[in-house]
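Coordinates in review
Here are the chains, one letter per residue:
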Amino acid sequence: MSKERLTAFEDAILAIIMTILVLELRKPSEITLQGFWSLHANFFAYALSFFWIGTMWVSHHNNWQHVQKINLNTVMLTLVLLFLASLFPYTTSIVSDHFSNVTAQVFYGIIIILISLLNVVISVNLGKLNPKAHFGLLYTIPTRIVYLDLLFKVLGLILAVTIYPPAMMISIFCASSLLLLSFNRA
């Protein structure tokens, strides 16, 4: 399989996932400012999921331009990543409807953490296949930022389980902001 075919497939799947996300947004019971405000958790979950997937897409798009060679491991890892990403509309819907529920937040967080780890594994795999690309743990993102990203998410998971369930989504927001800031510098 060529790199172009794999990236086109990934682009298509991520675009479909992002479209389904908006279809899962609840509509207010009354069309007023208060009606929309009552759904603020839904909008936050939607926006976080949309931009998290969008950030992943931008990262892949920018970094895969330097990829010359892929292998079966790359394809299979990407397939698993897309499988987990396809759960975003489902997990976002659950966490939107049960924002303060520990299980909903943990489920959402575990999906994010697994995708983050898969992105690291894919990047390392591509780095071995394409040594001239100079990929690190997460493409061209500095290693310390990758560790901070994962640390934020794991701390969010621990806080969500022990103290404050929405800490999971807050930590994902903080980690995503950190990654976005590092994109501008990379």
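Let me begin by describing the structure that accompanies this report. As the structure is a computational prediction, the values presented were derived from the model and not from experiment. (Residues numbered from 1 in each chain as written. Predicted model: local features only at pLDDT ≥ 70, side-chain atom pairs only at ≥ 80, totals over all residues. Heavy atoms only, no water.)

1. Examining helix H5 (residues 88-97)
Here is the rule we go by: To sort residues, take the accessible area from a 1.4 Å probe on protein chains only and compare it with the maximum for the residue type: under 20% means buried, over 50% means exposed, and anything in between is partly exposed. For the purposes of this entry, the term helix denotes a DSSP run of H or I that reaches at least four residues, the term strand denotes a run of E that reaches at least two, and both are numbered from the N terminus.
Most of H5 is tucked away, with 7 of its 10 residues classed as buried. Along H5, the residues that are buried comprise Phe 88, Pro 89, Thr 91, Thr 92, Ser 93, Val 95 and Ser 96.

2. Digging into the environment of Phe 44
For clarity, the threshold we go by: Between two residues, a contact is recorded if the distance between any of their heavy atoms is within 4.5 Å.
With respect to the helices, strands and loops of the structure, Phe 44 is situated in helix H3 (residues 40-64). By relative accessible area, Phe 44 is classed as partly exposed at 28%. Once residues within four sequence positions are removed from consideration, Phe 44 is found in contact with Phe 99, Met 169 and Phe 173.

3. A few points about helix H1 (residues 3-23)
Residue pairs spaced three or four apart in an α-helix point in one direction, given the helix's 3.6 residues per turn. As a reminder of what qualifies: How far a helix is expected to stretch is found by multiplying one less than its residue total by 1.5 Å. The directions from the helix axis to the C-beta atoms form the arc being described.
For H1, which comprises 21 residues, the first-to-last C-alpha distance of 31 Å matches the rise-based estimate of 30 Å (1.5 Å per residue) to within 8%. Regarding H1, the residues found buried are Lys 3, Leu 6, Glu 10, Leu 14, Ile 17, Met 18 and Leu 21. Looking straight down H1, one finds that the buried residues subtend no more than 100 degrees of arc, so they occupy a single side. What points out from H1, more than 90 degrees from its buried face, is the exposed set Glu 4, Arg 5 and Leu 23. At its buried positions, H1 is contacted by H3, helix H4 (72-85) and H5.

4. Some details on the packing of H1 against H5
For clarity, the cut-off: Axis definition: a line fit to C-alpha positions, over the contact stretch in the case of helices; interaxial angles, taken between N-to-C directions, run 0 to 180 degrees. Angle categories are assigned with fixed cut-offs, so that under 35 degrees is roughly parallel, over 145 is roughly antiparallel, 65 to 115 is roughly perpendicular, and the rest are oblique. Each helix crossing is assigned a hand: it is left-handed if the near helix lies turned anticlockwise from the far helix by less than a right angle, otherwise right-handed if that turn is clockwise. Any residue outside Ala, Val, Leu, Ile, Met, Phe, Trp, Tyr, Cys, Pro, Asp, Glu, Lys and Arg is labelled polar, Gly included; the first ten of those are nonpolar and the last four are charged.
Viewed as axis vectors pointing N to C, H1 and H5 meet at an angle of 25 degrees, and their least axial separation amounts to 9 Å. Overall, the two elements H1 and H5 adopt an arrangement that is roughly parallel. As H1 packs across H5, the resulting crossing turns out to be right-handed. On H5, the residues that touch Ile 17, Ile 20 and Leu 21 of H1 are Phe 88, Pro 89 and Thr 92. Classifying every residue of the contact of H1 with H5 by side-chain character gives 5 nonpolar, 1 polar and no charged.

5. Some details on a nonpolar patch on the surface
This is how the line gets drawn: A residue counts toward a patch only above 30% relative accessible area and without a salt bridge, and it is joined to like-charged neighbours within 9 Å or, for Val, Leu, Ile, Met, Phe, Trp and Tyr, to nonpolar neighbours within 5 Å. Shrake-Rupley sampling with a 1.4 Å probe provides the accessible areas, and residues are treated as covered by the protein chains on show and by no other component. For salt bridges, the criterion is a side-chain nitrogen of Lys or Arg within 4 Å of an Asp or Glu carboxyl oxygen.
On the surface, a nonpolar cluster with roughly 400 Å² of combined accessible area is contributed by Leu 148, Leu 151, Val 154, Leu 155 and Ile 158. If you trace the backbone, Ile 158 turns up in helix H7 (residues 143-162). Residue classification places Ile 158 among the partly exposed residues on the basis of a relative accessible area of 46%.

These figures capture arrangement, not role.
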